[in-house]
Amino acid sequence: MTRLTDQCRTCHSERSEKSRAISRMKTPPVNPTGSATPEALGAFFAQCAAEARTAGRPQLVSISVVVDNLDPLAVLESIFEPGEPHFYAERPAQGFGVAGAEVAVEFTAQGARRFADAKAFIAATLANTIAVGPLAEPFAGPHFFFAAGFADEAAPGAAFPSLRLFVPRWQVARMGDSTVAVANVLVAADAPLEMLTARIWRAHAKFGAFDYSRAKQKDRPSAPRMAEEIGGSGSYQRAVAQALTEIARGDYQKVVLARALRYTTTEEFHPMGVLNHLRQRYPDCYSFSIANGKGQSFIGASPERLVRVAGGRMHTAALAGSAPRGQSASEDAAFAQGLLHSEKDLREHRLVLDSIAGRLADLGLQLEHATQPRLLGLANVHHLHTPVSASLPAEAHILDLVARLHPTPAVGGAPQEPALAAMRRLETFPRGLYAGPQGWVDHRGGGEFFVGLRSALIDGRTATAYAGAGIVAGSEPEKEFAETELKFKALLEALTQS
Ligand SMILES: C=C(O[C@@H]1C=C(C(=O)O)C=C[C@H]1O)C(=O)O
């Protein structure tokens, strides 16, 4: 192996303008796991430590390998440690799943510039990253996993800060037929090289031939359980009625109001069993678990993409307007038809679509979308859905889009300022990660964020579940309450063996 620093210089000078714009990682053309000896890996780490000395700061070393088919959720279940942060997301209908745990690098931010601060942190980290392996494969290279609150300040005592991101020590992801395992490690000038080499070598062997039999499977808790409405029973209908008065007065057009229910059981909730249930029942949704490493996990199955950036394109969507699923085919079709022609739901949906277009207007993108929403049919509910996509300029970064789009009126309201003020006044609990942007950023400035809906915060024997509905002129408090009940029912079925 030639000297890493020489290789870095070579590969930097050979890079095309385009790749220079999107990635500033050091990508030496070596794969220490490809030649598959601990000695080669040890020599590689020694060169990384030398690079840390030259750069005057530790280097994030990211080693990716293509492995045999692995199930990211099963891997997470096998390695699950309540004391370690993790991020898991899977969308079976789109063919991907990713799980990562333990912290190589992390960052927290709050305030109006939280996404801009995260972008700057990622750029600084990538400038001091050495990545090896098949970086063109999906989910290869370092990924930055986010947990972001709805609000840009977290409430005192919240389980998560307003924004937290981390690069996991290990990550396994499946996309279609390809599975990639990534090990990330921070290497300082004085890193204990032998220990590092042994650890990564063991991980390499483990992910190459994974043994699922050591998983400590946990059953989902059963009844008895208690459900407590935060804010007291009847508080939601009163809040909706008040919002309708304010809408009639012309204070704002739409506000999304949510409820929180706290379930208590005699046995502990365990995210893994819940997630297996969610991913099977909601293959079109993002099933997810985000653990804070202090025993609390935010889990759910969200139907809503905030934004995805890949291959020079961005994909977002308007999702608003809901109806129940029917018991029979004809009842179901009647609900679907009613939704597609509901003036109130179409208006509610249009507000979201117009707002997405307005927030992206000054970027000069050519947005592509259908003129009429289509139906998104989930196991428990129908939604109106309009996918939106556009080509992006090469320097576009997903976090710029996240900062502009969040919160869309699908989870906030319109116009934004008076609607968010009403939401804060009328809701009876801090939202935490509920309805916040959750997802990841890759080393090219791409990635994917979904909205943390149909979710619950699991904490020992309690789970606080969240569900909301959009309120516009013509909404009826009892119907909106019924819509949130449908959303809660889906979660409760996943959380417990009910
Ligand atoms: C607010 C939620 O969902 C949002 C509200 C919808 C509606 O009011 O029709 C539909 C989809 C979501 O954008 C939630 O699930 O908690």
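Residues numbered from 1 in each chain as written. Predicted model: local features only at pLDDT ≥ 70, side-chain atom pairs only at ≥ 80, totals over all residues. Heavy atoms only, no water.

Caption draft 1: Region of interest: helix 8 (residues 271–281). Every buried residue belonging to helix 8 is among Pro271, Met272, Gly273, Val274, Leu275, Leu278 and Arg279, and all of these are buried. Buried-residue contacts for helix 8 involve helix 4 (72–79), strand 2 (85–91), strand 10 (286–292), strand 11 (296–302), strand 19 (455–459) and helix 13 (477–495). (Buried < 20%, exposed > 50% of the residue type's maximum accessible area, 1.4 Å probe, protein only. Helix = DSSP H or I, 4+ residues; strand = E, 2+ residues; numbered from the N terminus. Contact = heavy atoms within 4.5 Å.)

Caption draft 2: Quick peek at the domain arrangement of the chain. Here the domain parsing of the chain yields domain 1 (4–209) and domain 2 (225–495). A C-alpha centroid distance of 29 Å is found between domain 1 and domain 2. Facing 48 residues of domain 1, the contacting portion of domain 2 comprises 56 residues. Summed over the shared surface of domain 1 and domain 2, the result is 21 residue pairs in polar contact (both at pLDDT 80 or more). (Domains from an automatic or database assignment. Polar contact = N/O pair within 3.5 Å; in protein donor to acceptor, adjacent residues only side chain to side chain.)

Caption draft 3: A look at the pattern of salt bridges. Considering all chains together, one arrives at 26 salt bridges under this definition. We note a salt bridge from lysine 26 to glutamate 51, for which the minimum N-O separation is 3.1 Å. Taken together, the residues lysine 26 in the loop between helix 2 (17–22) and helix 3 (38–55) and glutamate 51 in helix 3 connect sequence positions 25 residues apart. Take lysine 26 and glutamate 51: they sit in the same class, and that class is buried. Note that glutamate 480 is salt-bridged to lysine 344, the shortest N-O span being 3.3 Å. Of this pair, glutamate 480 sits in helix 13 while lysine 344 sits in helix 10 (residues 343–360), placing them 136 residues apart in sequence. Across the pair, lysine 344 and glutamate 480 agree in class, each one buried. Several salt bridges share partner residues, and in doing so they unite Lys254, Lys344, Asp345, Glu348 and Glu480 into one network. (Salt bridge = Lys/Arg side-chain N within 4 Å of Asp/Glu carboxyl O.)

Caption draft 4: Structural view of the nonpolar core. Among the nonpolar cores identified, the biggest contains 91 residues, and Phe146, Leu165, Leu257, Val307, Leu399 and Ile471 are the most heavily contacted of them. For this core, the two domains that each supply at least three residues are domain 1 (4–209) and domain 2 (225–495). With 42 residues, the next largest nonpolar core counts Ala465, Ala467, Leu491 and Leu492 among its residues. (Core = buried A, V, L, I, M, F, W, Y, C linked by side-chain atoms within 4.5 Å.)

Caption draft 5: Here's a closer look at the site of the ligand. Glu304, Ser322, Tyr434, Arg454 and Gly468 are the nearest of the 18 residues found near the ligand. The side chain of arginine 454 places a nitrogen or oxygen atom 2.5 Å from an oxygen atom of the ligand. Within the side chain of lysine 487, one N or O atom sits 3.3 Å away from an oxygen atom of the ligand. Contributions of two or more residues to the shell around the ligand are made by strand 13 (313–324), strand 20 (462–471) and helix 13. (Near = heavy atom within 4 Å.)

Caption draft 6: Molecular detail of the pairing of strand 3 (residues 96–109). Within strand 3, 11 of the 14 residues are buried, leaving the element largely enclosed by the surrounding structure. Where strand 2 and strand 3 come together, 6 bridges link them in antiparallel fashion. Residue pairing across strands places arginine 91 opposite phenylalanine 96, the latter belonging to strand 3. (Pairing = 2+ DSSP bridges.)

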